Amino acid sequence: MLKTETKNNLQVGMLEGTDRLNASVAPLVKDELTDELVKNNYRLVLNLENIRFIDSTGIGVLISALKTARQNNGSFLLQNVNKDVMGLLTLMKLDKVFDFHTM
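Quantities reported herein were computed from a predicted structural model and do not represent experimental measurements. (Residues numbered from 1 in each chain as written. Predicted model: local features only at pLDDT ≥ 70, side-chain atom pairs only at ≥ 80, totals over all residues. Heavy atoms only, no water.)

S.K.: Would you take a moment to explain the pattern of salt bridges for this structure?
M.R.: Oppositely charged side chains may form a pair once their charged atoms are brought near each other. If you walk through the whole model with that rule in mind, you get 6 salt bridges. In this structure, Lys7 and Glu5 form a salt bridge, with 3.2 Å as the shortest nitrogen-oxygen distance. (Salt bridge = Lys/Arg side-chain N within 4 Å of Asp/Glu carboxyl O.)

S.K.: Teacher, can you tell me more about helix α3 (residues 83–91) here?
M.R.: In an α-helix, one turn spans 3.6 residues, which is why side chains three or four residues apart end up on the same side. Where α3 begins, the side chain of Asn82 points an oxygen toward the backbone nitrogen of Asp84, at a separation of 2.7 Å. In the stretch just after α3, Lys93 is the one whose phi turns positive, near 65 degrees. (Polar contact = N/O pair within 3.5 Å; in protein donor to acceptor, adjacent residues only side chain to side chain. Helix = DSSP H or I, 4+ residues; strand = E, 2+ residues; numbered from the N terminus.)

S.K.: What is the right way to read unusual backbone geometry from this model?
M.R.: Trans peptide bonds make up most of the peptide bonds, and negative phi angles are found at most residues other than glycine. The backbone phi angle of Asn9 is positive, close to 65 degrees, even though this residue is not glycine. Mapped onto the secondary structure, Asn9 falls in the loop between β1 (2–7) and β2 (10–15). For Asn9, a relative accessible area of 77% gives the class exposed. One non-glycine residue with positive phi stands out, namely Lys93, at about 65 degrees. Along the chain, the position of Lys93 falls in the loop between α3 and β7 (99–100). (Buried < 20%, exposed > 50% of the residue type's maximum accessible area, 1.4 Å probe, protein only.)

S.K.: I keep staring at the sheet that holds strand β4 (residues 43–47) and nothing clicks. Help me out?
M.R.: In any sheet, the strands associate via hydrogen bonds between backbone groups, in a parallel or an antiparallel arrangement. Taking strand neighbours across the sheet as the criterion, the 5 strands line up as β1-β2-β4-β6-β7 in an open arrangement whose pairing is mixed. Every interior strand has two partners, whereas the edge strands, β1 and β7, have only one. In this structure, strand β6 (residues 75–79) lies alongside β7, joined through 2 bridges in parallel fashion. In the strand pairing of β7, Leu77 is matched with Asp99. (Pairing = 2+ DSSP bridges.)

S.K.: Help me out: how do you make sense of the environment of Gly74 in this one?
M.R.: Residue position: Gly74 is located in the loop between α2 (56–71) and β6. It is 9.8 Å that separates the C-alpha atoms of Gly74 and Val38, two residues lying 36 residues apart in sequence. Ignoring anything within four residues of it in the chain, the contact list for Gly74 reads Asn41, Tyr42, Arg43 and Ala69. (Contact = heavy atoms within 4.5 Å.)

S.K.: How should α2 be read in this particular structure?
M.R.: Spanning 16 residues, α2 covers 22 Å between terminal C-alpha atoms, matching the ideal 22 Å at 1.5 Å per step. Buried within α2 we find Gly58, Ile59, Val61, Leu62, Ser64, Ala65, Leu66, Thr68 and Ala69. For α2, the elements touching its buried residues are β3 (20–21), α1 (26–39), β4, β5 (53–54), β6 and α3. Phi for Asn73, located one or two positions after α2, is positive at around 55 degrees. (Expected span 1.5 Å × (residues − 1).)

S.K.: How should I be thinking about the environment of Asp19 in this particular structure?
M.R.: Here Asp19 lies in the loop between β2 and β3. Separated by 32 residues in the primary sequence, Asp19 and Ile51 have C-alpha atoms spaced 4.3 Å apart. Discounting chain neighbours no more than four positions away, the residues touching Asp19 are Asn50, Ile51, Arg52 and Phe53.

S.K.: Would you take a moment to explain the nonpolar core for this structure?
M.R.: A general tendency of soluble globular proteins is for nonpolar side chains to be buried together. Counting residues in hydrophobic clusters, the biggest one holds 27 residues, and the most contacted among them are Leu21, Leu33, Leu46, Leu62, Phe76 and Leu78. If you list the elements that add at least two residues to this core, you get α1, β4, α2, β6 and α3. (Core = buried A, V, L, I, M, F, W, Y, C linked by side-chain atoms within 4.5 Å.)

Listed below in structure tokens is the structure:
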């Protein structure tokens, strides 16, 4: 589900096979994000361009990845966030918590 590649010396991940980050995929995504963070010295950019919907469980997955990265002096950035998803992050004031990467 999580596909990663190196772009401009950054490890960039993207969720494939779904346009939703919700309770049905959250446990798998959380495990895969944690594995990638460990593998890449706790530095990862998550490209959300194909994600159209995130529920509270999905938000929890993103917060967990951010917490894991920060506790290990790393970074977890979001990129290409859909306007509806960004609206939710803004409503929850998480746009002030997450860092965003632009390419």
